[in-house]
Amino acid sequence: MEKPTRKISGSEAILLSLLEEGVDTIFGYPGGAIMPVYDLLYDYDDKLKHILVRHEQGAAHAAQAYARVTGKPGVCLVTSGPGATNLTTGLADAMVDSTPIICISGQVITPLLGTDAFQETDVMGISMPITKWNTQITKADEIPGAMARAFYIARSGRPGPVMIDLTKDAQFEEFDFRYEKCTMIRSYVPTPALNMNKVTEAARMINQAKKPLALVGQGVILAGAEAELKTFIEKTGMPAAWTLLGKSALPTNHPLNVGMLGMHGNYGPNLKTNECDLLIALGMRFDDRVTGNLATYAKQAKIIHCEIDPSEVDKNVKTDLAIIADVKETLQALIPKVNKNKCAEWLKEFKIAYEYEYDKVIHKDLNPEGEGLSMGEVIRRLNEKTNGDAILVTDVGQHQMIASRYFNLGESRSLVTSGGLGTMGFGLPASVGAKIGRPDKTVVAIIGDGGFQMTIQELGTISQTGAAVKIVLMNNNFLGMVRQWQQLFFNRRYSFTELKNPDFITIAKGYKINGRSVIKRKDLDEAITEMFNHDGPYLMEVKVKQEGNVFPMVPAGASVSDMRLE
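Residues numbered from 1 in each chain as written. Predicted model: local features only at pLDDT ≥ 70, side-chain atom pairs only at ≥ 80, totals over all residues. Heavy atoms only, no water.

(A) Broad picture of the overall build of the protein chain. If you tally the helices and strands in the protein chain, you get 23 helices and 20 strands. In summary, the protein chain has a C-alpha radius of gyration of 24 Å against a globular reference of 24 Å for 566 residues, a match within 12%. Dimensions of the protein chain along its principal axes, counting C-alpha atoms only, are 70 × 60 × 40 Å. Scored against the burial criterion, the 566 residues of the protein chain give a buried share of 60%. Excluding contacts between residues fewer than 6 apart, the proportion of contacts in the protein chain whose partners are at least 24 apart in sequence is 77%. Just so you have it, the protein chain exposes about 22,500 Å², and 51% of that area is on carbon and sulfur atoms. (Helix = DSSP H or I, 4+ residues; strand = E, 2+ residues; numbered from the N terminus. Rg over C-alpha atoms; globule rule 2.2 N^0.38 Å. Buried < 20%, exposed > 50% of the residue type's maximum accessible area, 1.4 Å probe, protein only. Contact = heavy atoms within 4.5 Å. Areas by Shrake-Rupley, 256 points an atom, 1.4 Å probe, with all protein chains shown as cover.)

(B) The arrangement of the sheet that holds strand 13 (residues 302-307) in detail. One open sheet holds the six strands; their spatial order is 11-10-9-12-13-14, and the pairing between them is parallel. For this open sheet the edge positions go to strand 11 (257-260) and strand 14 (321-324), each flanked by a neighbour on one side alone. For this sheet the average axis-to-axis angle between neighbouring strands, irrespective of direction, equals 20°. Taken together, the three bridges between strand 10 (residues 240-242) and strand 11 define a ladder with parallel strand orientation. (Pairing = 2+ DSSP bridges. Axes fitted to C-alpha atoms, helices over the stretch in contact; angles between N-to-C directions.)

(C) Geometry of unusual backbone geometry. The step from F551 to P552 runs through a cis peptide bond, and the omega angle for that step is 0°. In this structure, P552 sits in the segment after strand 20 (538-543). One non-glycine residue, D116, lies in the positive phi region at around 60°. Among the secondary structure elements, D116 is positioned in the loop between strand 5 (101-107) and helix 6 (123-127). One non-glycine residue, R413, lies in positive phi territory at about 55°. With respect to the helices and strands, R413 occurs in the loop between helix 17 (398-406) and strand 16 (415-416). Overall, the relative accessible area of 21% leaves R413 in the partly exposed class.

(D) Spotlight on the sheet that holds strand 7 (residues 162-167). Strands sit in the order 3-2-4-5-7-6 across an open sheet of six strands; the sheet is parallel. Looking at the sheet topology across the chains shown, the edges are occupied by strand 3 (49-52) and strand 6 (133-137). For this sheet the average axis-to-axis angle between neighbouring strands, irrespective of direction, equals 20°. Sheet topology places strand 2 (residues 25-28) next to strand 4 (residues 74-78); two bridges connect them, and they run parallel. Considered in strand 4, the bridge of G28 is made with L77.

(E) Layout of the pattern of salt bridges. Tallied over the entire structure, the rule returns 30 salt bridges. A salt bridge links E228 to K328; the shortest N-O distance between them is 3.1 Å. Taken together, the residues E228 in helix 11 (residues 226-236) and K328 in helix 14 (residues 327-334) connect sequence positions 100 residues apart. With relative accessibility at 11%, the residue E228 sits in the buried group. Across the pair E312 and K315 runs a salt bridge whose closest N-O atoms are separated by 2.9 Å. A relative accessible area of 5% means that E312 is categorised as buried. Residue class for K315 comes out partly exposed when judged on its relative accessible area of 46%. If you follow the salt bridges from partner to partner, you end up with D389, E411, R438, D440 and K441 in one network. (Salt bridge = Lys/Arg side-chain N within 4 Å of Asp/Glu carboxyl O.)

(F) Spatial organisation of the environment of F489. In this structure, F489 sits in helix 21 (residues 480-489). Beyond its immediate sequence surroundings of up to four residues, F489 is in contact with M553, P555 and R564.

(G) Summary view of the nonpolar core. In terms of nonpolar packing, the biggest core is built from 80 residues, with F232, I280, L382, V472 and M540 touching the most fellow members. Counting residues in each nonpolar core, the second largest holds 47 residues, with Y66, V123, V432 and F504 among its members. (Core = buried A, V, L, I, M, F, W, Y, C linked by side-chain atoms within 4.5 Å.)

(H) Summary view of the packing of aromatic side chains. If you walk through the whole model with that rule in mind, you get eleven aromatic pairs. Residue placement shows R483 over the ring face of F478; its charged tip is 5.9 Å from the ring centre. (Phe/Tyr/Trp six-rings, centres within 6.5 Å; stacked < 30°, edge-to-face > 60°. Lys NZ or Arg CZ within 6 Å of the ring centre and 35° of its normal.)

(I) How the structure looks around the environment of I104. Relative to the assigned elements, I104 resides in strand 5. Residue class for I104 comes out buried when judged on its relative accessible area of 0%. For I104 and L77, which are 27 residues apart along the polypeptide, the C-alpha to C-alpha distance reads 5.0 Å. For I104, the residues in contact, after removing those within four places along its chain, are I14, L18, C76, L77, V78, M147 and I164.

(J) Looking closely at the side chain of T319. Turning to its location among the elements, T319 is positioned in the loop between strand 13 and strand 14. Look past the residues within four positions of T319 in its chain and what remains in contact with it is I303, H305, V313 and D314.

(K) How the structure looks around the pairing of strand 3. In the sheet, strand 2 pairs with strand 3 via four bridges, with the strands oriented parallel. Pairing of F27 across the sheet is with I51, part of strand 3. Crossover handedness for the path strand 2 to helix 2 (residues 35-41) to strand 3: right-handed. (Right-handed = clockwise from strand over helix to strand, strands pointing away.)

(L) Representation of the packing of helix 16 (residues 375-386) against helix 23 (residues 524-533). Across the interface, helix 16 lies against helix 23 with an axial gap of 10 Å and an inter-helix angle of 45°. On the basis of their axis angle, the class for helix 16 and helix 23 is oblique. Considering only the axes of helix 16 and helix 23, their crossing is right-handed. Counting all contacts with helix 16, which are made through E377, V378, R381, L382, K385 and T386, the residues of helix 23 involved are L524, D525, I528, T529, M531 and F532. Here the residues of the contact of helix 16 with helix 23 are counted per class, giving six nonpolar, two polar and four charged. (Parallel < 35°, antiparallel > 145°, perpendicular 65-115°, else oblique. Left-handed = near helix turned anticlockwise from the far one by under 90°. Nonpolar A, V, L, I, M, F, W, Y, C, P; charged D, E, K, R; others polar.)

In structure tokens:
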């Protein structure tokens, strides 16, 4: 039976379509070409919460974080021209990190398209390579179908961003509105059918392996397969390492969690990648930061790749067996077919590697001697307060790697960071989206002094919304990660990486956000306690060692076996 129709404007159709898809929050910034939608939004403020950011890039990153912590698509609403182009960094970030966001931009009226009118930009051409799908709407009656398709594409299969460009005349035009959710698109197969013959073969390979290693990516989280992952590794006794975005798929303290893969990951999982006899990759894409030199990566191992996106299979690492399907469905099928095992001797090797890394790196990071605070000891003290019950948001740089290595997380969807694109400036607006999405959770944002200044204006968003994010600013007066590379590989030629920073606490107070600066170790515990006890947003600036480095480290182009610990 068809739903009844009623005549409404294109602007109202946008808002009703959002409500039909279960949207409750929009991150945006108004302007001329999207003003008709904003005018109608005035009447929907009881149904749709609008978060006014201070820059459209902030809207995209906040929407990404909202999507990551809730599992629902984030929504952005911006004007044409610069409003739309300011979203592009967020679109690219969401594309590479498989984050579902719906971005709606206003556009000049249809007769002016292609005339270089005021604030006209070719949004379709710009956004095509950095979105999962994009479309331009010039007629109001196209809105329901386009919106339904956008949500279906954004959230199905491997998720990603969608861009909708909406001409101003389509926003004013009236039509008979009826909404039908999209459930399929011809020729688009978001979830390939599981091949049970391949599952049987994978089980055989797993049962024969003496030194298996699971590589856990964000695909496990996106598929909601955390419980299946836990059951699978506990039955097989298989150690599991995780990519940056796979952090939180397993609790930090799980006995089979052997740590982080990649350039600044843990020593054991990187070293043992080149010693295992079987790698089973679960919802990850073999990024270059994980593999290092492909010519020497896991050449001794059989490789099973469980991945929903066929374009990722054999793209970087050649596999012996590929299971192209939803990873939750794959694990559910594998669990009954694999043998119960312990892998005790193999796990001992990881323990030995961890103890070696602990003596060489971890102990010094978490319990430094002498003057100067380390980033690691700040994270250790934060762990003592949060006890794994928090959402961690990071910016990009040294602090991101230190926080990802040491911050304890107890549940899934509790890490929000920029992975594949590595976007400095991500952290502050993302902390807003995380807190809006999960107001019940403590949100801790770890940010460096470089990235903080790229989107510092979002302190205004935090102040206006009252989002009670706890911002920990790691200030070393350098672009720390670039400086580390300059120290290690460019003879300490610190070319344009030193920062002359402002008084961050005074700036925060200008936005009516409380805070304090910490220089000495003796003041750190008191400051952390004050931050968490404060009712509302808080900025704790920690002045850390200027030349602190992040180890272990796989040098660019090196093998994962060549990891440096100092």
